[in-house]
Amino acid sequence: MHETDMTKALILTVRDWWEAQPGQPAIEKVHLTVGKFTCVEPVGLQFAFEVQTKGTFLNGAELVIRETPLIAYCHDCQSEYQPEIGLQYACPTCKSPMGDIRSGRELKIDRVEYAEAIAQP
Amino acid sequence: MHQTFDAALGIDLLHVNQTGADHNRAHFDAWGITCMNIMSSPGAGKTALLERTLEGLHGGLAIAIIEGDMTTELDADRLRQYGVPVIAINTGRSCHLDAKMVAGGLHTLEHQYDPNALDLVLVENVGNLVCPAEFEVGEHAKVALLSITEGEDKPLKYPIMFQEADCLLITKVDLAPYLEVSIEQIAANVRQMNPDCTIIPVSAKTGEGLEEWFGWVRDRSLSTNESRVHAHA
């Protein structure tokens, strides 16, 4: 359900950028990074994006989602490991609790691709 | 002829909500209020806990409640009986409170009551183990509830909320004799992702653990206020 709200936030942020551009270029792709250790379902985002962008400045634009794995760092072992979401978060080697999360919490609008008319040579 | 360009944005998807949450927190700070975001699945006992908390702490701390519910004011009406300001926010179809909704609640608080006279605002979020964890509302502390009837595995399955909580209340522990559930295992499952979390088993029915919870709320409120005094000194 909250994917709807997140998509709304996504569209508003991209619109702010778009309105600040000279000539309001046609946006072709919006690139997102979504960590595996978030409450966000990429399929839900894709669906909400498709529905909410119809007939707007993002009409036809593609949402490209890159998922990042959950990676934690164990200070005792001085090494990174991948916790098994839903099963095990502590370090598999020494059982220390998950402390530092190095990756997996990202919810980020990375970049947009847009087309612009260029003058013929 | 068209050419494709790339523009790097690097903006957090939730930055609008984050900005709103920071704005709310600045209001709380200016009023000298500590705000706690109370989250759990539906039926874990948030409202019952708040009732006991108002009984136990009202008088010592001046408390107001911001009550998020999808459609009704049933919970808000329950809490109004305790004679504290209760601001109900109906979230409609939304499954969580966000910073903007709470800002609306603060607006009401400011105009109908005297926020400077308050010490503590408890925000009862919408019952949901997933979404509220991603939407900060301007709180100084996150409190999660998990009732023992929900099972030991829930912190593993819905990790974000339990990973972010400053305090976990394991509720309905009076039911333990009737269930095959280990309170120690619930605590261990939370600790493996959140070792610093304060974990308190409580029963709103028998009163078990409530003094410890009241103590945690008091300490947190005082330390938040104190750090504010130092920050402004």
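These numbers come from a predicted model, not from an experiment.

Peer 1: A description of the overall build of chain B should follow, citing residues and the corresponding values.
Peer 2: Across its full length, chain B carries eight helices and eight strands. The globule rule puts the C-alpha radius of gyration for 233 residues at 17 Å, and the 19 Å found for chain B is close to it. Principal axes of the C-alpha set define a box for chain B whose edges measure 75 × 40 × 40 Å. Per-residue burial for chain B yields a buried fraction of 47% across its 233 residues. Relative to all contacts within chain B whose residues are 6 or more apart in sequence, the contacts with residues 24 or more apart total 75%.

Peer 1: Which residues make up the pairing of strand E3 (residues 71-74) of chain A, and what values go with them?
Peer 2: Residues and elements named next belong to chain A. Because side chains alternate across E3, one face comprises the buried residues Ala 72 and Cys 74, and the other comprises Ile 71 and Tyr 73, none of which is buried. As paired strands, E3 and strand E5 (residues 100-103) are joined by three bridges and run antiparallel to one another. Counterpart to Ala 72 in the pairing with E5 is Ile 101. Note: E3 against strand E4 (residues 79-81), three bridges, orientation antiparallel. From the neighbouring strand, Cys 74 faces E4, where its bridge partner is Ser 79.

Peer 1: Please give an account of unusual backbone geometry that cites residues and values.
Peer 2: Positive phi outside glycine occurs at Gln78(A), with the angle close to 50°. Note on placement: Gln78(A) falls in the loop between E3 and E4. Here Gln78(A) falls in the exposed class, since 7 other C-beta atoms lie within 10 Å of it. Positive phi outside glycine occurs at Lys172(B), with the angle close to 65°. Mapped onto the secondary structure, Lys172(B) falls in the loop between strand E7 (167-171) and helix H7 (183-191). C-beta crowding within 10 Å serves as the criterion here: with 24 such atoms nearby, Lys172(B) is assigned to the buried category.

Peer 1: Which residues make up the sheet that holds strand E8 (residues 198-201) of chain B, and what are the values?
Peer 2: All names here are of chain B. Reading across from one edge, E4-E3-E5-E2-E6-E7-E8 is the order of the seven strands in this open sheet, with parallel pairing throughout. Bordering the open sheet on either side are strand E4 (86-90) and E8, each of which pairs with just one other strand. Strand-to-strand twist in this sheet, taken as the mean axis angle between neighbours without regard to direction, amounts to 20°.

Peer 1: So what's going on with the packing of helix H1 (residues 15-31) of chain B against helix H4 (residues 99-112) of chain B? Residues and values would help.
Peer 2: All names here are of chain B. Where H1 contacts H4, the two axes come as close as 8 Å, and the packing angle between them is 25°. What the angle tells us is that H1 and H4 run roughly parallel. Once H1 is placed against H4, the crossing between them reads as left-handed. Two secondary-structure elements touch here, H1 through Asn 17, Gly 20, Ala 21, His 23, Asn 24 and His 27 and H4 through Ala 99, Lys 100, Val 102, Ala 103 and Leu 106. Across the contact of H1 with H4, the residue classes tally to five nonpolar, five polar and one charged.

Peer 1: Quick one: what's the story with the confidence of the model for chain B, residue by residue and with numbers?
Peer 2: Confidence in the prediction of chain B, expressed as mean pLDDT, is 93, and 98% of residues score 70 or more. Here the predicted complex carries an ipTM of 0.83, next to a pTM of 0.91.

Peer 1: Which residues make up the environment of Ala187(B), and what are the values?
Peer 2: Structurally, Ala187(B) is set in helix H7. Between the alpha carbons of Ala187(B) and Ile200(B) there is a distance of 9.0 Å; along the sequence they are 13 residues apart.

Peer 1: Can you lay out the sheet that holds E5(A) for me, pointing to particular residues and giving the numbers?
Peer 2: All names here are of chain A. Spatial ordering of the open sheet is given by E4-E3-E5, a layout of three strands whose pairing is antiparallel. On the outer flanks of this sheet lie E4 and E5, each paired with one strand and no other. Across the sheet, the axes of successive neighbouring strands diverge by a mean angle of 35°, strand direction being ignored.

Peer 1: Can you lay out the interface of chain B and chain A for me, pointing to particular residues and giving the numbers?
Peer 2: Contact residues are listed per partner, giving 33 residues for chain B and 32 residues for chain A. Mapped onto the side of chain B that touches chain A, the elements with two or more residues apiece are strand E1 (2-12), H1, helix H5 (154-157) and helix H6 (159-164) of chain B. Here the element with the most residues in the side of chain B that touches chain A is E1(B); it accounts for eleven residues. Here nine bridges tie strand E6 (residues 107-117) of chain A to E1(B), and the two strands are oriented antiparallel to one another. The residue bridging Tyr114(A) from the neighbouring strand is Phe5(B), located in E1(B).

Calculation notes
Residues numbered from 1 in each chain as written. Chains lettered and ligands numbered in written order. Predicted model: local features only at pLDDT ≥ 70, side-chain atom pairs only at ≥ 80, totals over all residues. Helix = DSSP H or I, 4+ residues; strand = E, 2+ residues; numbered from the N terminus. Rg over C-alpha atoms; globule rule 2.2 N^0.38 Å. Buried ≥ 20, exposed ≤ 12 C-beta atoms within 10 Å, placed from the backbone. Contact = placed C-beta atoms within 7 Å. Pairing = 2+ DSSP bridges. Axes fitted to C-alpha atoms, helices over the stretch in contact; angles between N-to-C directions. Parallel < 35°, antiparallel > 145°, perpendicular 65-115°, else oblique. Left-handed = near helix turned anticlockwise from the far one by under 90°. Nonpolar A, V, L, I, M, F, W, Y, C, P; charged D, E, K, R; others polar. pLDDT = per-residue confidence, 0-100.

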